[in-house]
Amino acid sequence: MQETTISEKTSRNGTMGTFSGVFTPSILTILGIILFLRLGFVVGSGGLGFALVIIAMANVISVLTSVSLGAISTSMTVKGGGIYYLISRTLGLEFGGAIGIVLFIAQSVSIGFYCIGFAEVLAVLLPYSVPQMTRIIAVTAVLVLFVFAWLGTDWASRFLFVVMAILAAAIVSFFIGGMLRWDTATLAANFAPPANAAPFWLLFAIFFPAVTGFTQGVNMSGDLRDPGKSLPNGTFAAVGLSIVVYLAAAVVFAASLPAEILATDYNAMKRVALVDSLVLAGVIAATLSSAMASFMGAPRILQSLSADRIFPFLLFFAKGVGPTSNPRRGVFLSGVIALFTIALGSLNVIAPIVTMFFLVTYGLLNYATYFEARAASPSFRPTFRFYDKRMSLAGGLACLGVMLAVDITAGIVAIAILLAVFQYIKRTAGPARWADSRRSYRFQQIRQHLLEAAEEPEHPRDWRPNLLVFSDNAERRQPLLQLADWLQGESGFCSVIRMLQGEGAKMHRLKAEAADEIRKDIQKLDADMFPLVIASPNIRLALLGLVQSYGIGPLKGNTMMTNWVGIENGAIPEYRARRFGIYLRTAFRQGYNILLFSADASKWEKLVEIPAEERRIDVWWRGDPTSRLMILFAHMICLNAPWRGARIRVLDISADILDSGKTVADLEQTLAEIRIAAQPEIVASANADAVAAYSKDAALVFLPFRLVDDQPRDLFGGNLSELLLRLPVSVAVRAARDIDLTAEPESGLAGEMAEAADRVNDARKKAKEAEKTAEKASAAAEEAFNHWREAVEGGEPPEAIQKRNKAAIAAKNEAVHTARKAAKMAAQEEELTREARRLGAEIPDQEDAESPPKE
């Protein structure tokens, strides 16, 4: 017999359609033993009202999960493995592998469960009894079903069609008998819960396994001609029909028999049915069909899981037989697990955990679909129209709620097992062989967080290094990248950049080779960095474009780092130093801090050999922005494991140190304010010789440098290259912007904006009050003028007219004064508003601020 792998199988179309491949195994598992032997008990023990609520609640999960299945299965090409395939291709191999292994075991154990149920029914009917009769019948059933599964889906489907015919006949017989026995009074009496009603959640737990089979058809995905069409259509058809059957059956039970009989007789359906023997046949058919569906699904999950090589020891089960790659090896293993399950005898401990495995699977399928939709990837294009990601989230939460409500202990055990397998895979599995949705989701999170960060004002407390590390020399790259990795620590970003001069098609190949070389160097250090190679005919213009455009939104580069150009040969030619300085000046003028790393091979080896607790970092301090940047970088280096226990020494060489009378205590106070532990020391008369002498035994030295006529100079104006040659591993630093190391949350731009907004509000209030005062004064002046005119026209005595005239003049003067004051206040308010808006504060216009909120 020809053996094939699942990859060979999936390259060809399956042979099964929607009805035989999805609807049939799903509906036969849903309309199972619960319908025939437990639904009447639920109605009799809780009343028809509670029973209908239980049926509706349980089917909420099946409907929501079917919606998720419809969306995710129409957004990708579904191959073998069913739910395992969908989850692993969305949430990744860890979740997929964990679900795959527990779902395979759960399905295989279910075979034994269903065969035991079949055996218990048949044992009662046989006229004779022998020891272990139930186990013998169950084992026989497993072996018979094993033959059908071994022969393949065609034979198994034929068997299920026969079973479906028997099941349909039994259900029709029940409904006909129910219509003949219909009693409205009995229906009304059975609607409310009886006096001794069973607890609601107990009845829910008894009924819920009825809806756990709706994904049986999904396991056949690899055998379908068109999975994207068959999976949602077949699943929805099975779920929809089963809901109608269960709701109608509950009503028929309530209208046919008293609650006492329903609650005590598990075979109540036989009493109702027109032909009671058909119900018995239906019970047998229901158990066997559910077992057969599990026998078909479990091996295919194992086959797909094995083909993905998540568990190398399962690779043996990836092989299949025939054109459909029938997983016979998996069929054999499922049969062994089913027989072992039967041998256990008592299954009360395992059964709840198996149910929880199914619930966890459905919950993760819902979450996987929500996760895919939440990532907002353009590749998520489901053709299933009736989908909303909130439904998937609701389905996942519903599964979790049911787990906690039905059996919290079994739920915790199932989740613990799943997480244990997840951690095992995470630790042992190699790289994934497929792309899942996690990377897309991370991109979506990056987008959301960048947009939110862009809305907030910058603050000194948010500063973190975003390094652009330039390296053209592969031989000197490793120490440079190592130091950059120490500098960025757990908070910064770092891009390793190489610039190639040239143009044309050949540069594409050279760029790819250079990027691959950098990537390998990064991997050697196990560092968190990004490679970036730029090709241009003009390096300076390329550098200028890079430092201006690097980053996205609020995430911009702030520090340029490179090897010092003359470390191998001592002093470098002036033209070379000038060209190098021009590049540095280009980045510096764009706001980039400059770090020049100086270390030859012998110096670096010496640094690496120094134990962490014996290392000392010297920072040459001048009390300026460069000094603050250097001590911050020294502190960040000490946070790395290879530097734990290292000391920082601050050597103060401030220009005014002699005139100001600064003491060590003053420097200690400064260090205390910036909250960095360091040993302060004052160097009164500093020069290049003093720097070399003081720092000769340091592990690492930070010292400032200057750019004079586009040439790097040391802090004393001398040749930087000569000083660096005399020092151990060193970093020459030039800060482009100051970092406020003492910044408090209330300080910074946010505080300035808030204060500016407060000043605007205060000015507007004063301007409004001044405007009202001016309006009153104008009205008083007009009134005084009217009184004077009335006195003149009325012929009052001259003394009275003169008095009125003086009052009018005084009122007019007051009106002019208050109007000028109001205008001045309005001008101040406008000036403050412009200043606040310049800072970035959102200040509404005067009209918007005064208008009442809309309802």
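Residues numbered from 1 in each chain as written. Predicted model: local features only at pLDDT ≥ 70, side-chain atom pairs only at ≥ 80, totals over all residues. Heavy atoms only, no water.

Caption draft 1: Molecular detail of the overall build of the protein. Secondary structure assignment for the protein yields 32 helices and 15 strands. Here the protein has a C-alpha radius of gyration of 41 Å; the compact-globule value for 855 residues is 29 Å, and the former is much larger. Over its C-alpha atoms, taken along the principal directions, the protein stretches across nearly 120 × 110 × 55 Å. Burial statistics for the protein: of 855 residues in total, 51% are counted as buried. The long-range fraction of contacts in the protein, counting pairs at least 24 apart against all pairs at least 6 apart in sequence, stands at 82%. If you sum the accessible surface of the protein, you get close to 40,300 Å²; carbon and sulfur atoms cover 57% of it. The averaged location of the 82 negative side-chain charges in the protein is 8 Å from the averaged location of its 83 positive side-chain charges. (Helix = DSSP H or I, 4+ residues; strand = E, 2+ residues; numbered from the N terminus. Rg over C-alpha atoms; globule rule 2.2 N^0.38 Å. Buried < 20%, exposed > 50% of the residue type's maximum accessible area, 1.4 Å probe, protein only. Contact = heavy atoms within 4.5 Å. Areas by Shrake-Rupley, 256 points an atom, 1.4 Å probe, with all protein chains shown as cover. Lys, Arg positive; Asp, Glu negative; His and termini not counted. Charge placed at Lys NZ, Arg CZ, Asp CG, Glu CD.)

Caption draft 2: How the structure looks around the pairing of strand β14 (residues 711-714). The sheet contact formed by strand β13 (residues 700-708) and β14 spans 4 bridges and is antiparallel. Residue pairing across strands places L707 opposite P712, the latter belonging to β14. The antiparallel hairpin formed by β13 and β14 contains 2 residues in its connecting segment, where D709 sits at a positive phi of about 50°. (Pairing = 2+ DSSP bridges.)

Caption draft 3: Main features of the environment of F118. Mapped onto the elements, F118 comes out in helix α6 (residues 93-125). The sequence separation of F118 and A286 amounts to 168 residues, and the corresponding C-alpha distance is 8.5 Å. Residues contacting F118, with those up to four places away along its chain left out, are I137, A141, I284, T287 and L288.

Caption draft 4: Molecular detail of unusual backbone geometry. Here D526, not a glycine, exhibits a phi torsion of approximately 55°, which is positive. Of note, D526 is situated in the loop between α21 (506-525) and β5 (530-536). The class for D526 is exposed, based on a relative accessible area of 69%. Although it is not a glycine, R675 sits at a positive phi angle of roughly 60°. Among the structural elements, R675 can be located in the loop between α27 (664-674) and β12 (679-682).

Caption draft 5: Structural detail: a nonpolar patch on the surface. Judged by side-chain polarity, L393, L397, L400, L404, I408, I412, I415 and L419 come together as a nonpolar surface patch covering roughly 690 Å² of accessible area. At the level of elements, α17 (389-406) and α18 (408-428) are the ones that each hand at least two residues to the nonpolar patch. With respect to the helices and strands, I412 occurs in helix α18. Overall, the relative accessible area of 52% leaves I412 in the exposed class. (Patch = residues over 30% accessible without salt bridge, like charges linked within 9 Å, V, L, I, M, F, W, Y side chains within 5 Å. Salt bridge = Lys/Arg side-chain N within 4 Å of Asp/Glu carboxyl O.)

Caption draft 6: Examining the nonpolar core more closely. Ranked by size, the top nonpolar core spans 137 residues in total, and within it L35, F36, F207, Y246, M292 and F295 carry the most contacts. The contact partners of L35, leaving out residues within four places of it in the chain, are I171, V245, Y246, A249, F253 and M269. If you look at the next biggest cluster of nonpolar residues, it comprises 54 residues, including A599, L667, L700 and F702. (Core = buried A, V, L, I, M, F, W, Y, C linked by side-chain atoms within 4.5 Å.)

Caption draft 7: Representation of the pairing of strand β15 (residues 730-734) in the model. The element β15 is extensively covered by neighbouring structure, given that 4 of its 5 residues are classed as buried. Sheet analysis places β13 next to β15, joined by 4 bridges and oriented parallel. Looking across to β15, one finds that P704 is bridged to V733.

Caption draft 8: Focus on helix α22 (residues 539-549). Among the residues of α22, those classed as buried are I539, A542, L543, L546 and V547. All buried residues of α22 project into a common sector of 125° when viewed along the axis, lining one side. Two to three positions downstream of the cap, the backbone nitrogen of R540 sits 3.1 Å from a side-chain oxygen, assigning the N-cap of α22 to N538. Looking one or two residues past α22, G551 carries a phi angle of roughly 105°, positive in sign. (Arc of directions from axis to C-beta. Polar contact = N/O pair within 3.5 Å; in protein donor to acceptor, adjacent residues only side chain to side chain.)

Caption draft 9: Up close: the environment of R820. By the secondary structure assignment, R820 is in helix α31 (residues 798-839). We classify R820 as exposed; its relative accessible area is 64%. C-alpha of R820 to C-alpha of A770: the two residues are 50 residues apart in sequence and 9.4 Å apart in space.

Caption draft 10: Broad picture of the environment of S306. Within the element layout of this structure, S306 appears in helix α14 (residues 276-307). You can call S306 buried: its relative accessible area is 1%. With 206 residues separating them along the chain, S306 and G100 place their C-alpha atoms 9.6 Å apart. Setting aside residues up to four positions removed in sequence, S306 forms contacts with L314, L315, F317 and A318.

Caption draft 11: Layout of the packing of helix α2 (residues 18-30) against helix α11 (residues 227-256). Their axes nearest at 8 Å, the elements α2 and α11 cross at an angle of 30°. Comparing the axis directions of α2 and α11 gives the class roughly parallel. Where α2 crosses over α11, the two elements pack in a sense that is right-handed. The segment α2 lies against α11, with T18, V22, F23, S26, I27 and I30 engaging S230, L231, N233, G234, T235, A237, A238, L241, S242 and Y246. Taken together, the residues that form the contact of α2 with α11 break down as 9 nonpolar, 7 polar and no charged. (Axes fitted to C-alpha atoms, helices over the stretch in contact; angles between N-to-C directions. Parallel < 35°, antiparallel > 145°, perpendicular 65-115°, else oblique. Left-handed = near helix turned anticlockwise from the far one by under 90°. Nonpolar A, V, L, I, M, F, W, Y, C, P; charged D, E, K, R; others polar.)

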